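So the chains spell out like this:
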Amino acid sequence: MSHLAKRTLSTAARTRLVFSGIQPTGSPHLGNYLGALANWVKLQDPDPVTESTSIPYYSIVDLHAITMPQDPAQLREAKLNMATTLLACGVDPNRSVLFEQSRVRAHSELAWIFNCITPVGWLGRMTQWKSKLEKSKDIGHGSALADESLKVDLKMGLFDYPVLQAADILLYKGTHVPVGQDQMQHLELARDIADLFNKTFKTDMFPKPKAIVPPATQRVMSLRDPYSKMSKSDISDMSRINLTDSPALIKKKIMKATTDSVTGISYDPKVRPGISNLVSIYSAVKEISTEDALEKCAHITSTKEFKETVAEAVIERLKPIQTELARLQADQGYVKQVLDQGANKAEEVANKTMEEVYKAVGLR
């Protein structure tokens, strides 16, 4: 048994078991980093308030990626690029388990067992599924759900992936999940499935995972449309700051960010969404409160000067990440080794869980 597995068994009752995943498609951007990846790095350290420790499982969720068509060669490259970026951001393979989801087949096995007990109605109520129905035919979700013909072209993976997400978390008996508000419903489903499995098979095998919600100030919005989240899928590259963007490109994007003509710097997302987004970005990269950010920038009256200040802060924050990224890109053998070792560690714990599951349901 590996050191990590022994640690997992001996400290499960007093340690947070953290699971989080990220799709390999698209280049990670500043919103991903500030909203999730920076938190991943912090979760490797003891909690400064409770002094509790965490065992983080960080997965590149390639099984989720294929719910949309992917070019096989590009997907393989994207997974390696994502692993490289995560390591550059500070994910430490000595303090966490970094692995590719598909390398641990128990994810799919547990998802199937959960499929066999999860009511279809639970999935039909998922907001993101309703949204996909609406977008497919540009109608309200009530009409979409009532018309079976509208579901014909939508793939089962897009409907069922929240069950796989539940399996991802519960396979490691995850107790805590870093999650944004838009994924809270999926975490609730994981909690419901854990409870349903325990009651169905008269066991207390799976905990009901709790959310770790990042501070609201780290919600980064699009530079072009400050009412929408910064997104990898946005058609405009000017809407986001990629972690690989050069300092010159970062400054260009921020200088062109949507703001307003009001004099001075203030924070009011409803009235001044563009400026407020830049305040949020500045406070997040500086790791200070919104109030402190406004105080530090109180002398600035020009939007141009404020944008330059924000750009300098972002460039400074990303510089060490980009330096490490360049180093790791020149040593891809190391990155592959980390993924191999991570998969082995994750698989050992996952296989133990699956043996317990098989016995509970009668397959062993």
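Residues numbered from 1 in each chain as written. Predicted model: local features only at pLDDT ≥ 70, side-chain atom pairs only at ≥ 80, totals over all residues. Heavy atoms only, no water.

The protein appears in an unreviewed UniProt entry as Tryptophan--tRNA ligase, mitochondrial from Rhizopus azygosporus. Within the UniProt record for the protein, the comment given under Sequence similarities (unreviewed entry) is "Belongs to the class-I aminoacyl-tRNA synthetase family." You can read under Subcellular location (unreviewed entry) in the UniProt record for the protein the words "Mitochondrion matrix". (UniProt positions renumbered as here; feature names shortened; annotations may be inferred.)

Q: Where do I start with unusual backbone geometry in this structure?
A: Note: most peptide bonds trans; most residues except glycine with negative phi. In this structure, Lys202 is a non-glycine residue whose phi angle is positive, near 50°. Along the chain, the position of Lys202 falls in the loop between α10 (184-200) and β5 (210-212). Its relative accessible area of 76% is what places Lys202 among the exposed residues. A positive phi is found at Glu287, a non-glycine position, where the angle reads about 55°. Among the structural elements, Glu287 can be located in the loop between α12 (273-286) and α13 (290-296). (Helix = DSSP H or I, 4+ residues; strand = E, 2+ residues; numbered from the N terminus. Buried < 20%, exposed > 50% of the residue type's maximum accessible area, 1.4 Å probe, protein only.)

Q: Explain the packing of aromatic side chains to me, please; I cannot follow it from the model alone.
A: Any pair of aromatic rings gets described here by the distance separating the centres and the angle formed by the planes. Evaluation of the coordinates by the stated rule reveals eight aromatic pairs. Their ring planes at 75° and their centres at 6.1 Å tell us that Phe114 and Phe197 sit as a pair that is edge-to-face. Here the residue Phe114 occupies a position in helix α5 (residues 106-115), and Phe197 occupies one in helix α10, the gap between them amounting to 83 residues. Summarising the burial analysis for this pair, Phe114 and Phe197 share the class buried. Measuring from centroid to centroid gives 5.7 Å for Phe114 and Phe206, while their planes differ by 75°, and the two rings are edge-to-face. With Phe114 in helix α5 and Phe206 in the loop between α10 and β5, the pair connects residues that are 92 residues apart, well separated along the chain. (Phe/Tyr/Trp six-rings, centres within 6.5 Å; stacked < 30°, edge-to-face > 60°.)

Q: What should I look at first to understand the side chain of Asn277 in this one?
A: Inspection of the secondary structure puts Asn277 in helix α12. Here Met221 takes part through its backbone nitrogen, which lies 2.9 Å from a polar atom of the side chain of Asn277. Contact partners of Asn277, with chain neighbours within four places excluded, come to Arg219, Val220, Met221, Ser222 and Leu223. (Polar contact = N/O pair within 3.5 Å; in protein donor to acceptor, adjacent residues only side chain to side chain. Contact = heavy atoms within 4.5 Å.)

Q: Just to check I follow, could you spell out the nonpolar core for this structure?
A: Leu30, Leu86, Ile281, Phe306 and Val314 are the most contacted members of the largest nonpolar core, which totals 52 residues. Elements supplying a minimum of two residues to this core: β1 (16-22), α2 (30-42), β2 (54-60), α4 (72-89), α11 (247-255), α12, α14 (303-329) and α15 (332-361). It is α14 that contributes the most residues to this core, nine residues altogether. Split by domain, the residues of this core number at least three in each of domain 1 (3-218 + 332-361) and domain 2 (237-327). Setting aside anything within four residues of it in sequence, one finds Leu30 in contact with Met230, Ile241, Leu243, Ile281, Val285, Val314 and Leu318. In terms of nonpolar packing, the next biggest core, distinct from the first, is built from 42 residues, Ala111, Ile113, Ile169 and Met184 among them. (Core = buried A, V, L, I, M, F, W, Y, C linked by side-chain atoms within 4.5 Å. Domains from an automatic or database assignment.)

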